[in-house]
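Chain by chain, the residues run as shown.
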Amino acid sequence: GEDVEQSLFLSVREGDSSVINCTYTDSSSTYLYWYKQEPGAGLQLLTYIFSNMDMKQDQRLTVLLNKKDKHLSLRIADTQTGDSAIYFCAESISGGGADGLTFGKGTHLIIQP
Amino acid sequence: DAGITQSPRHKVTETGTPVTLRCHQTENHRYMYWYRQDPGHGLRLIHYSYGVKDTDKGEVSDGYSVSRSKTEDFLLTLESATSSQTSVYFCAISEVLADTGELFFGEGSRLTVL
């Protein structure tokens, strides 16, 4: 079955880069996603990467995909206090997305002043 | 923001009582999902729907039923609530034929079963 693994906590200093890592199992996933959840709110899509890409950059966010190792990472440059949240890695359950997404347990990003 | 409304947003109930959570969307998306979020477990799929009256089970469907009589509404029912069903429930919608198949989430419904 599908499984998505990520570490539960990451603590970084304000202004440093944050790197959140994720491993997934379903090699047929067309897209891989990073969602952000702020306290008391629902999940919002942060960014995604198509499976035939190695890297995607969007302002302060860089996503790296290693398909051989089934490893996905999210780098947040110049981390700010507003980046404090839970970050979820997700993959398509059936490869096509109709059956929903499988989420990791989420990484709590803690920002130290 | 995607037009998704969950109700109620907060509910406290007693063991053995029935509970229905409602998800209403204004996006006319075909696919709708119910997830539950628990500490240490992340989000887990309960049920999903791929059209009116078309539903299927997810990873943690035991103790839950769903119904979708209209495109815009997806109901999640706990026939006899148990303490293990204390959780935050999220509805999500998707239009898979769209570019990325991403899910859009509601704000969540916090259910406490005493």
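Anything mentioned here points back to the structure above.
Below: a short report on this structure. Treat the numbers as computed from the prediction; the structure is a model and nothing was measured.

**Section: the packing of aromatic side chains**
A ring pair, where both rings are aromatic, is described by two values, the distance of the centres and the angle of the planes.
Turning to step 1, where the next piece is worked out: Following the criterion strictly, the structure yields 14 aromatic pairs over all chains and no others.
Turning to step 2, where the next piece is worked out: With a centroid separation of 5.5 Å and an interplanar angle of 90 degrees, the aromatic rings of Phe103(A) and Tyr35(B) are classed as edge-to-face. Of this pair, Phe103(A) sits in strand β10 (residues 101-103) while Tyr35(B) sits in strand β4 (residues 31-38), on two different chains.
Turning to step 3, where the next piece is worked out: With relative accessibility at 0%, the residue Tyr35(B) sits in the buried group.
Turning to step 4, where the next piece is worked out: Between Tyr64(B) and Tyr89(B), the aromatic rings sit 5.9 Å apart at their centres with planes inclined by 65 degrees, giving edge-to-face as the arrangement. Here Tyr64(B) is found in the loop between β6 (54-57) and β7 (65-70), whereas its partner Tyr89(B) is found in strand β9 (residues 87-94), with 25 residues between them in sequence.
Turning to step 5, where the next piece is worked out: The buried category is assigned to Tyr64(B), whose relative accessible area is 8%.
Turning to step 6, where the next piece is worked out: The ring of Tyr48(A) carries Lys56(A) above its face, with NZ or CZ at 3.6 Å from the centroid.

**Comments concerning the interface of chain B and chain A**
Turning to step 1, where the next piece is worked out: The interface of chain B with chain A comprises 22 residues on the first partner and 22 residues on the second.
Turning to step 2, where the next piece is worked out: Summing the contributions of chain B and of chain A, the shared interface buries around 1,700 Å²; its carbon and sulfur component is 54%.
Turning to step 3, where the next piece is worked out: Interface area lost by chain B to chain A is led by Leu43(B), Thr100(B) and Phe105(B), which between them contribute 26%.
Turning to step 4, where the next piece is worked out: At the junction of chain B and chain A, the tally comes to three residue pairs in polar contact (both at pLDDT 80 or more).
Turning to step 5, where the next piece is worked out: Put simply, the parts of the chain that give the side of chain B that touches chain A at least two residues each are β4 and β5 (42-51) of chain B.

**Here's the deal with the environment of Thr17(B)**
Residue and element names in this part refer to chain B.
Turning to step 1, where the next piece is worked out: Turning to its location among the elements, Thr17 is positioned in the loop between β2 (10-13) and β3 (19-25).
Turning to step 2, where the next piece is worked out: Here the alpha-carbon distance between Thr17 and Thr5, two residues 12 residues apart in the chain, equals 23 Å.
Turning to step 3, where the next piece is worked out: Beyond its immediate sequence surroundings of up to four residues, Thr17 is in contact with Leu78, Glu79, Ser80 and Ala81.
Turning to step 4, where the next piece is worked out: Of the polar contacts made by the side chain of Thr17, one reaches the side chain of Thr13; its length is 2.5 Å.
Turning to step 5, where the next piece is worked out: Here Glu14 takes part through its backbone oxygen, which lies 2.7 Å from a polar atom of the side chain of Thr17.

**Here we look at the pattern of salt bridges**
All names here are of chain B.
Turning to step 1, where the next piece is worked out: Taken as a whole and judged by the stated rule, the model has seven salt bridges over all chains.
Turning to step 2, where the next piece is worked out: Of the charged contacts in the structure, one is a salt bridge between Asp38 and Arg44, with a shortest N-O distance of 3.0 Å.
Turning to step 3, where the next piece is worked out: Exposure remark for Asp38: the relative accessible area of 11% places this residue in the buried category.
Turning to step 4, where the next piece is worked out: Here Arg44 falls in the buried class, since its relative accessible area comes to 17%.
Turning to step 5, where the next piece is worked out: Lys70 is the partner of Asp73 in a salt bridge, and the nearest nitrogen-oxygen pair spans 3.3 Å.

**Quick notes on the sheet that holds strand β6 (residues 55-58) of chain A**
All names here are of chain A.
Turning to step 1, where the next piece is worked out: The sheet built from five strands is open, its strands ordered β1-β3-β8-β7-β6 with antiparallel pairing. The sheet terminates laterally at β1 (5-6) and β6, the two strands that pair on one side only.
Turning to step 2, where the next piece is worked out: As paired elements, strand β3 (residues 18-23) and strand β8 (residues 71-76) share six bridges and run antiparallel to each other. Among the inter-strand pairings, Val19 is bridged to a residue of β8, identified as Arg75.

**Looking at the state of the cysteines**
Residue and element names in this part refer to chain A.
Turning to step 1, where the next piece is worked out: Overall, the coordinates contain two disulfides over all chains when judged by the stated rule.
Turning to step 2, where the next piece is worked out: For Cys22, the disulfide goes to Cys89, at an S-S distance of 2.0 Å. The sign of the S-S torsion, about -65 degrees, decides the handedness of the disulfide formed by Cys22 and Cys89: left-handed. One end of the pair, Cys22, is in strand β3; the other, Cys89, is in strand β9 (residues 85-92), with 67 residues separating them in the sequence. Comparing Cys22 with Cys89 shows no difference in burial state: the two are buried.

Analysis parameters
- Residues numbered from 1 in each chain as written.
- Chains lettered and ligands numbered in written order.
- Predicted model: local features only at pLDDT ≥ 70, side-chain atom pairs only at ≥ 80, totals over all residues.
- Heavy atoms only, no water.
- Phe/Tyr/Trp six-rings, centres within 6.5 Å; stacked < 30°, edge-to-face > 60°.
- Helix = DSSP H or I, 4+ residues; strand = E, 2+ residues; numbered from the N terminus.
- Buried < 20%, exposed > 50% of the residue type's maximum accessible area, 1.4 Å probe, protein only.
- Lys NZ or Arg CZ within 6 Å of the ring centre and 35° of its normal.
- Contact = heavy atoms within 4.5 Å.
- Buried area = accessible area lost by both parts, 1.4 Å probe.
- Polar contact = N/O pair within 3.5 Å; in protein donor to acceptor, adjacent residues only side chain to side chain.
- Salt bridge = Lys/Arg side-chain N within 4 Å of Asp/Glu carboxyl O.
- Pairing = 2+ DSSP bridges.
- Disulfide = S-S within 2.5 Å.

Spatial relationships are all this shows, so hold off on functional conclusions.
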